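# Residue-level structure breakdown
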Amino acid sequence: MQRPTIDDDEHVFICGQTGTGKSVAAEVYLAGKDHVVKLDTKGEVYERRKKGLNLWHGLTEGKDFTVVHHLEDVMEVETPKIIYCPVAEELEPEYYEALMEWVYKRENTILWIDELMEVAPSAQNYPKQLKALYTRGRSKQSVVWACTQRPTDIPVIAMANSTHYFIFTMQNPDDRKKIVKATGMPQFMEQPGGHNFLYWRIGMDAPIKARFKL
Ligand SMILES: Nc1ncnc2c1ncn2[C@@H]1O[C@H](COP(=O)(O)OP(=O)(O)OP(=O)(O)O)[C@@H](O)[C@H]1O
Ligand SMILES: [Mg+2]
């Protein structure tokens, strides 16, 4: 499949069980975008450094992106992209709230949340600024690309405001039903398998199965 065009004023939803390729998909896609902030609550930065892997496929640290561990440093970064991997004390709702507010006010910025469940632990409990981004961010081109392992406990606004869906394998049928319900596409009951995903955008007749070539 040709990579679908995703405009800068669209929210994107990526979901699938661990190891299926959500982060890789976002990373490959977002490498081609301008201003991106990755919220790395899972500490992928540390894991990759330990393994000697590049922190952002195809990009150069220091030139294309900067890694910061403190929120106050996010605001000082001069590269187009930022990976914010919070220190333990900053893995807290008030920091997520402040980051999201900053993204909203900055405009023309994509917030890539690598695990939505970490910042929005239940359907009712999530940052106010996340709602602001989802409901009012599009006109400012401040948008959210959210990855999550499970779509069941996250706020409804995440799926309801997204226009592009990348759905990888999820063993739990309730998780798949949730996607079917949100999109009206029964095809999402199918398991794409491996690193494949089902892609659908609003307006398409049916999802299509595809995978990213690394
Ligand atoms: N399209 C692909 N082609 C080949 N290998 C892939 C592809 N996508 C992912 N992988 C491999 O699978 C591994 C896991 O992918 P990734 O980190 O994106 O999973 P994830 O869905 O984000 O998992 P988690 O929920 O645990 O964060 C990658 O490190 C890579 O080795
Ligand atoms: Mg991941």
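An account of the accompanying structure is given in this report. (Residues numbered from 1 in each chain as written. Chains lettered and ligands numbered in written order. Predicted model: local features only at pLDDT ≥ 70, side-chain atom pairs only at ≥ 80, totals over all residues. Heavy atoms only, no water.)

To continue, consider the nonpolar core. Inside soluble globular proteins, nonpolar side chains tend to come together where they are buried. Judged by nonpolar contacts, the single largest core of 39 residues is most densely connected at L99, L111 and L116. When residues in this core are grouped by element, the largest group, six residues, is from helix 4 (residues 93–106). The contacts of L111, once residues within four sequence positions are left out, are V37, L39, L99, M100, V103, L133, V143, V144 and W145. Core analysis: the second largest hydrophobic core is formed by 27 residues, V45, L59, C147 and Y199 among them. (Core = buried A, V, L, I, M, F, W, Y, C linked by side-chain atoms within 4.5 Å. Buried < 20%, exposed > 50% of the residue type's maximum accessible area, 1.4 Å probe, protein only. Helix = DSSP H or I, 4+ residues; strand = E, 2+ residues; numbered from the N terminus. Contact = heavy atoms within 4.5 Å.)

Turning to helix 8 (residues 173–183), a few remarks are in order. Among the residues making up helix 8, those that are buried are D175, R176, I179, V180 and T183. Buried residues along helix 8 cover an arc of 145 degrees about the axis, so they all sit on one side. At its buried positions, helix 8 is contacted by strand 1 (11–15), helix 7 (156–160), strand 7 (162–167) and strand 8 (197–201). Two to three positions downstream of the cap, the backbone nitrogen of D174 sits 2.8 Å from a side-chain oxygen, assigning the N-cap of helix 8 to N172. In the segment just after helix 8, G184 is the residue with positive phi, at about 75 degrees. (Arc of directions from axis to C-beta. Polar contact = N/O pair within 3.5 Å; in protein donor to acceptor, adjacent residues only side chain to side chain.)

Tracing the chain through its elements places P127 in the loop between helix 5 (116–119) and helix 6 (128–136). Overall, the relative accessible area of 5% leaves P127 in the buried class.

Structurally, the position occupied by R176 is in helix 8. Lacking a salt bridge, the buried R176 has E190 as its closest oppositely charged neighbour, with an N-O distance of 7.4 Å. There is a polar contact of 3.4 Å between the side chain of R176 and the backbone oxygen of M170. Not counting residues up to four positions away in its chain, the partners in contact with R176 are I167, F168, T169, M170, F188, M189, E190, Q191, P192 and L198. (Lys, Arg positive; Asp, Glu negative; His and termini not counted. Salt bridge = Lys/Arg side-chain N within 4 Å of Asp/Glu carboxyl O.)

Let us look at the site of ligand 1. In the neighbourhood of ligand 1, 14 residues make up the surrounding shell, with T18, K22, V24, K42 and F212 lying closest. Within the contact set of ligand 1, an oxygen atom lies 2.8 Å away from a side-chain nitrogen or oxygen of S23. Interatomic distance of 2.9 Å between a side-chain N/O atom of Q149 and an oxygen atom of ligand 1. For ligand 1, the protein covers 71% of the area, taking 630 Å² as the surface of the free molecule. (Near = heavy atom within 4 Å. Areas by Shrake-Rupley, 256 points an atom, 1.4 Å probe, with all protein chains shown as cover.)

With that settled, the discussion passes to the packing of aromatic side chains. As enumerated under the stated definition, the model contains twelve aromatic pairs in all. Aromatic pair Y29 and F166: ring centres 5.9 Å apart, planes at 65 degrees, arrangement edge-to-face. With Y29 in helix 1 (residues 22–30) and F166 in strand 7, this pair connects stretches of sequence that are 137 residues apart. F166 carries the same exposure label as Y29, and that label is buried. Here F166 and F197 contribute two aromatic rings whose centre-to-centre distance is 5.3 Å and whose plane-to-plane angle is 65 degrees, an arrangement assigned as edge-to-face. In this pair, F166 is assigned in strand 7 and F197 in strand 8, connecting sequence segments 31 residues apart. In this structure, F166 and F197 share a single accessibility class: buried. By way of ring pairs, the aromatic residues Y29, W145, F166, F168, F197, Y199 and F212 are connected into one cluster. The side chain of R3 reaches across the aromatic face of Y29, ending 5.7 Å from its centre. Sitting over the ring of Y104, K140 keeps its end group 5.0 Å from the ring centre. (Phe/Tyr/Trp six-rings, centres within 6.5 Å; stacked < 30°, edge-to-face > 60°. Lys NZ or Arg CZ within 6 Å of the ring centre and 35° of its normal.)

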